[in-house]
Amino acid sequence: MQREVGTLPLAPVLRARLAAAGFQTAQELLDTGPCGLSKEIGISREEALEALQVVRQECHGHARTAEGSSSTRKCTALELLEEEQSQGFIITFCSALDNILGGGVQLTKITEICGAPGVGKTQLCMQLAVDVQIPECFGGVAGEAVFIDTEGSFMVDRVVDIAAACVQHCHLIAEAQQEEDHQKALETFSLENILSHIYYFRCRDYTELLAQVYLLPEFLSEHSKVRLVVIDGIAFPFRHDFEDLSLRTRLLNGLAQQLIIIANDHRAAVVLTNQMTTRIGQSQSTLVPALGESWGHAATIRLIFHWDNSQRLATLYKSPSQKESTIAYHITSHGFRDVQPPAVTPSTEGTELNPRKRPRTEEEKQQ
Amino acid sequence: MSRDKASPGVSQSLLFSIPVAMVVLRAGLCPGLSEDMIQLLSANGIRTVVDFVSSDLEDVAQKCSLSYKALVAVRRVLLAQFSAFPANGADLYEELKSSTAILPTGSPSLDQLLDSGLYTGEVTELMGAPGTGKTQLCLGIAASVSLGLKQHVLFLDSTGGFTASRLYQMLQAQTEDEEEQLEALQRVRVERVFNIYEVLRALQELRDRLSQQVVSSMGPLKVVVLDSVSAVIYPLLGGRQSEGLALMMQLSRELKTLAREFSLAVVVTNQVTRDSSTGPLKPALGRSWSFVPSTRVLLESKEATREKCSTQRAASLAKSPRQPTGIQVELDIGNGDVLDPSLVTPTQGL
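Throughout, a residue's number is its position along its own chain's written sequence, starting from 1. All chains are assigned letters beginning with A, and all ligands numbers beginning with 1, in the order in which they are written. Thresholds applied to this predicted model are a pLDDT of at least 70 for local features of residues and 80 or more for the giving and counting of side-chain atom pairs; totals over whole chains, interfaces and linings are not thresholded and use all residues. Just so you know, side-chain values use all the structure's heavy atoms and leave hydrogens and water out.

- Under an unreviewed UniProt entry, the name given to chain B is DNA repair protein, and the source organism is Taeniopygia guttata.
- UniProt positions are given in the numbering used here, feature names are shortened, and annotations may be inferred rather than shown by experiment. The UniProt entry for chain B carries the following comment under Subcellular location (unreviewed entry): "Nucleus".
- Check the Sequence similarities (unreviewed entry) section of the UniProt entry for chain B; it says "Belongs to the RecA family. RAD51 subfamily."

- Looking at an unreviewed UniProt entry, one finds chain A named DNA repair protein RAD51 homolog 3 and attributed to Taeniopygia guttata.
- Regarding chain A, the relevant UniProt record gives this comment under Sequence similarities (unreviewed entry): "Belongs to the RecA family. RAD51 subfamily."

And the structure:
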C-alpha cells in the first residue's frame, strides 16, 4: 500500500509527528508495528494501536468494497441509469410541478425550496411527508418521513387535513380500478398510520440541528423505510447571532456533505427550505436565497417560490437534468394542488394510475 | 502536437530534478543495512535516508564504531535507490510531444476557448455560480470522450449531481445507434466520494491500478473528472487548524501527479465567492489553489436572458498557459447543440 501518511484520516497532531519522524507511506507504518511506532513518535501503545487500526481499515477497506458492497459508491454509468430508471419519485399532487421536476421529488438527491414567507414552503413539505407514504400500487414509494423542524411551523391539524384528502383520493382510485392489491394497500394506508410514520424532531438552534443531522444515519439504519428527510427552515438557526461567518460557511458545507451522504446511502430524498434575502446591486435590489453563494452549491435541485400579484409561482432554478421553467400552483384545503384540473386523458383507464388527478375529476368521470 | 517553440540549444541546457523524499531507515532497505546498524545510527540521531546521506561518514564511523567502508557502500546503494536523475530539457520536450493528447470536449466553442480541447497531463478547472452549468459541461465532456473517442472516463462525484439519465440524453442527441450509446455508458465509471479522505483514497486506488496496468474494466483511461473539489475542501478550510490547507495541497499533488504520469486530462469544478455582498466574483479555495489548475474557465449565465429561463451561458478564460485571458464564448448547455462560436472582445480577466 503506497498510501501516503498525509492522506490518512488521523489526528493532525499525530500526522505532524509521523511526518517529522520520517514516515512516508502507510506500508511503513504497518511494518513498524505498535511498539516501534510508540517509541519513534512518543505516543502510548494504545494510541499507536488505534492509529494502526485506522490505517489498516483505510488500506484494506478498498479491497472489501471491490468485492461489491451494499452501498453502490462505485459503478458504471449504465448501472446508474438502470438504477435511476427504476427509482420512484415522490409526487407533489401538483402535476405541473411534477412535470418540471421530471416526475416529482427525486430520491437520493437534495432539493431546496426557497421562498418569501407565506408562499407555501412548509405546505409543500407537509404534503411531501404524506405523499411519500402512498403505497406502490398507487404510484408512490411507500416510505416513511423524518421531519426536522427549526421554526416551529409544523401544524398537525394541517397534516391531518392533507392526509385525509390523500386517503380519500386513493379510495376513489381504488373504487374506479377495482383491483385486489389496491384494497389490500388501503387497509394499511389510514390516517393513524400516516401520522405515526412521520418522525418529528424539533431543533431550536444550530447546535441541535447539526447534532440531529449527524445522528440521523443511526436513526435511519434502524428505520430503514424512511424515504424522505425534510428540514424545514435550514436558514433560521444560521442567520441569528452568527458573528463568525467563515465558521458558518464551514458548518454549512459540512452539513451539506453529511446530507448528501444520507441521501445517497439510504436512498432518501432530502428536502430543505430556505429563506430569501435581498442583494443590493448597483441600480436595483434583487431577492436571492439566503445563506450565501457557497450554500447554493449544496442542493442539487433548487426551486424558488414567488408571487406574481396574487398568483403563486414556482421556478426550477437549478437541476441536473431538467430545463428551467416556471409554473403556477395553488394551495387548497386539501393541500398542494394545480391551479386548474389537468386535462382529462383517456389513457387513465390504462394500467398505470395517475394519482395526481384531483378527486373532483374522478367524481365527475364516475357520474 | 505540431508546435515547436523551444530551440534545442536552450532546452538542452535546462536541467530538471525532483528532490529526494524523506524515508525512514529500516533493516533490509538495502543489503548491508542490518538492524544493529540502524540501532546504532538512530542512537546518534540518524533516522532517515536524508540524514544518512547528508552526514559526514567519517564522523559517523567514529561515533557509532562502524566500519567506514560498510557505510560508504550503503550510501552508494541508497543514493542509487532514492535520488532522482536530472533530466534533459530536450528529452522532456520530446516525451511531452509524444504523450500529450488533446481531447475534444464536445462543444466546439469551448474547444476554441481551451485552444482546441482538453490537454492531457494538465489540470483544467471550470468555475461558476450555482446553476451555471459546470456539471452539465462535465457530463458533456464525459459523453464526448466515451462516445467520440471510445476512451474511458472516471467521474468522481462529490455533490450527488451526476444524473445518468442526463448523460444518456446527451448520448442520444449525438448518435442514433443504441448499442453505441450503451457501450459509451459502460465506459463512464462513476465513484461517489463525499469527503476528502474518500477522494484521496479513490485517487490512490486509481494510481495503483494504472501503475500495475491491470487490464480490467478500467480500459484506456483518458479523463478524470472531479465534481466538485470545493465541496470536499470547504468544510476543512478556515478556523484555527491548518490541516485543511495541507490536505488541499495533498489533493493537488495527487491530481497533478496522476495527470502527468499517466497522461490523463484532469477536470475539476470549483465554486465562486465574493469578498463582500457587492464585490466581484472570484474563484473559491483561495490563492493556494489557484496555482494548481493550468487552465481556468469561468461560467456565467447571461443577465439579460435570466427571465426567459434559457440555456445560454457565457464562458470566459481566466487563466491559460497558451491563450490570452479574457476571451469569451457563448455556450448552450441544452441538448448538446452548440451555437456558432462568437468571440467577444476580450474583457478584464479575473
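### Describing the interface of chain B and chain A
Alright, step 1. At the interface, 64 residues of chain B touch 55 residues of chain A.
Alright, step 2. Across the chain B to chain A interface the summed buried area is about 5,300 Å²; carbon plus sulfur atoms make up 53%.
Alright, step 3. In this description, buried area is defined as the sum, over both parts, of the accessible area (probe of 1.4 Å) that is lost when the two are combined. Among the residues of chain B in contact with chain A, P130, R192 and F194 of chain B are the three that bury the most area, contributing 13% of the side total.
Alright, step 4. When a carboxyl oxygen of Asp or Glu is within 4 Å of a side-chain nitrogen of Lys or Arg, the pair counts as a salt bridge. Remark: the boundary between chain B and chain A carries one salt bridge.
Alright, step 5. Where E324 of chain A meets R313 of chain B, a salt bridge forms, and the shortest distance between an N and an O atom there is 3.4 Å.
Alright, step 6. Identification of polar contacts relies on pairs of N or O atoms within 3.5 Å, with a donor-acceptor requirement for protein atoms, meaning one able to donate a hydrogen and the other able to accept it, and with residues adjacent in sequence counted only if both atoms are side-chain atoms. At the junction of chain B with chain A, the criterion picks out twelve residue pairs in polar contact (both at pLDDT 80 or more).
Alright, step 7. Helical segments are the DSSP runs of H or I of at least four residues, strand segments are the runs of E of at least two, and each set is numbered from the N terminus. When contributions to the side of chain B that touches chain A are tallied by element, the ones reaching two or more residues are α8 (134-148), α9 (164-174), α10 (178-187), β7 (188-192), α11 (196-212), α12 (229-233), α13 (243-262) and β10 (272-274) of chain B.
Alright, step 8. The dominant element in the side of chain B that touches chain A, judged by the number of residues it contributes, is α11 of chain B, at seven residues.
Alright, step 9. Each residue is assigned to one of three groups, with Ala, Val, Leu, Ile, Met, Phe, Trp, Tyr, Cys and Pro labelled nonpolar, Asp, Glu, Lys and Arg labelled charged, and all others, Gly among them, labelled polar. When its residues are assigned to classes, the side of chain B that touches chain A shows 27 nonpolar, 21 polar and 16 charged.
Alright, step 10. Two strands are counted as paired when DSSP detects at least two bridges linking them. Bridging between strand β1 (residues 74-76) of chain A and β7 of chain B involves three bridges; their strand directions are antiparallel. Bridge pairing in β7 of chain B places C75 of chain A opposite V190 of chain B. Here, residues are in contact when the closest pair of their heavy atoms is within 4.5 Å.

### Examining empty space enclosed by the protein
Alright, step 1. We place a 1 Å grid over just the protein atoms. Points where a 1.4 Å probe fits but has no way out form a cavity, open points with protein on both sides within 12 Å along at least 5 of 7 lines form a pocket, and any residue with an atom within 4 Å of a point lines it. Grid points are joined across faces, edges and corners, and a volume is the space filled by probe spheres set on the points. Applying the stated criterion to the full structure yields three cavities of 30 Å³ or more.
Alright, step 2. Of the pockets and cavities examined, the second largest cavity occupies roughly 70 Å³.
Alright, step 3. Forming the walls of the second largest cavity are N253, A256, Q257, I260, S294, H297 and A298 of chain A together with T159, A231 and Q271 of chain B.

### Focus: the nonpolar core
Alright, step 1. Working definition of a nonpolar core: buried Ala, Val, Leu, Ile, Met, Phe, Trp, Tyr and Cys residues. They are joined through side-chain atoms within 4.5 Å. Only protein chains enter the accessibility calculation, which uses a 1.4 Å probe. A residue is then buried if its area is under 20% of the maximum for its type, exposed if over 50%, and partly exposed in between. Within the largest apolar cluster, 49 residues are counted, with the highest numbers of intra-cluster contacts made by I90, L97, L228 and F305 of chain A.
Alright, step 2. Take this core: its biggest share by element is eight residues, from helix α7 (residues 156-177) of chain A.
Alright, step 3. Beyond its immediate sequence surroundings of up to four residues, L97 of chain A is in contact with T92, L124, L303, A314, I327 and F336 of chain A.
Alright, step 4. The next biggest cluster of nonpolar side chains, apart from the first, holds 42 residues, and it includes L81 of chain A together with A164, L171 and V267 of chain B.

### Describing the sheet that holds strand β13 (residues 312-319) of chain B
Each strand in a sheet pairs with its neighbour through backbone hydrogen bonds, running either in the same direction (parallel) or in the opposite one (antiparallel).
Alright, step 1. One open sheet holds the nine strands; their spatial order is β1(A)-β7(B)-β6(B)-β8(B)-β9(B)-β5(B)-β12(B)-β13(B)-β14(B), and the pairing between them is mixed. Here the strands that pair on one side only, and so sit at the sheet edges, are β1 of chain A together with β14 (328-332) of chain B. Averaged over neighbouring strand pairs, the angle between their axes works out to 20° when direction is ignored.
Alright, step 2. Strand contacts of α11 of chain B: β1 of chain A together with β6 (152-157), β7 and β8 (221-227) of chain B, with the helix running at about 175° to β8 of chain B, the strand carrying the most contacts. All axes here are fitted lines through C-alpha atoms, helices being fitted over the stretch that makes contact, and every angle between N-to-C directions spans 0 to 180 degrees.

### Re the packing of aromatic side chains
Alright, step 1. The rule is short: rings of Phe, Tyr and Trp, with Trp giving its six-membered ring, pair when the centres are within 6.5 Å, and they are stacked under 30 degrees, edge-to-face over 60, tilted in between. Summed over the entire model, instances satisfying the criterion amount to ten aromatic pairs over all chains.
Alright, step 2. Ring centres of F147 of chain A and F154 of chain A lie 4.5 Å apart, and the angle between their planes is 50°; this geometry places the pair in the tilted category.
Alright, step 3. Its relative accessible area of 14% is what places F154 of chain A among the buried residues.
Alright, step 4. Measuring from ring centre to ring centre gives 4.9 Å for F305 of chain A and Y329 of chain A, while their planes differ by 45°; the resulting arrangement is tilted. With F305 of chain A in strand β11 (residues 301-308) and Y329 of chain A in strand β13 (residues 326-332), this residue pair connects regions lying 24 residues apart in the sequence. Exposure class is identical for F305 of chain A and Y329 of chain A. Each is buried.
Alright, step 5. An aromatic cluster is built from F147, F154 and Y200 of chain A, whose rings are joined through pairwise contacts.
Alright, step 6. When the ring centre of Y119 of chain B is taken as origin, the NZ or CZ atom of R322 of chain B, which lies over that ring, is 3.5 Å away. Only when the NZ of Lys or the CZ of Arg is both within 6 Å of the ring centre and within 35 degrees of the ring normal is a charge said to sit over the ring.

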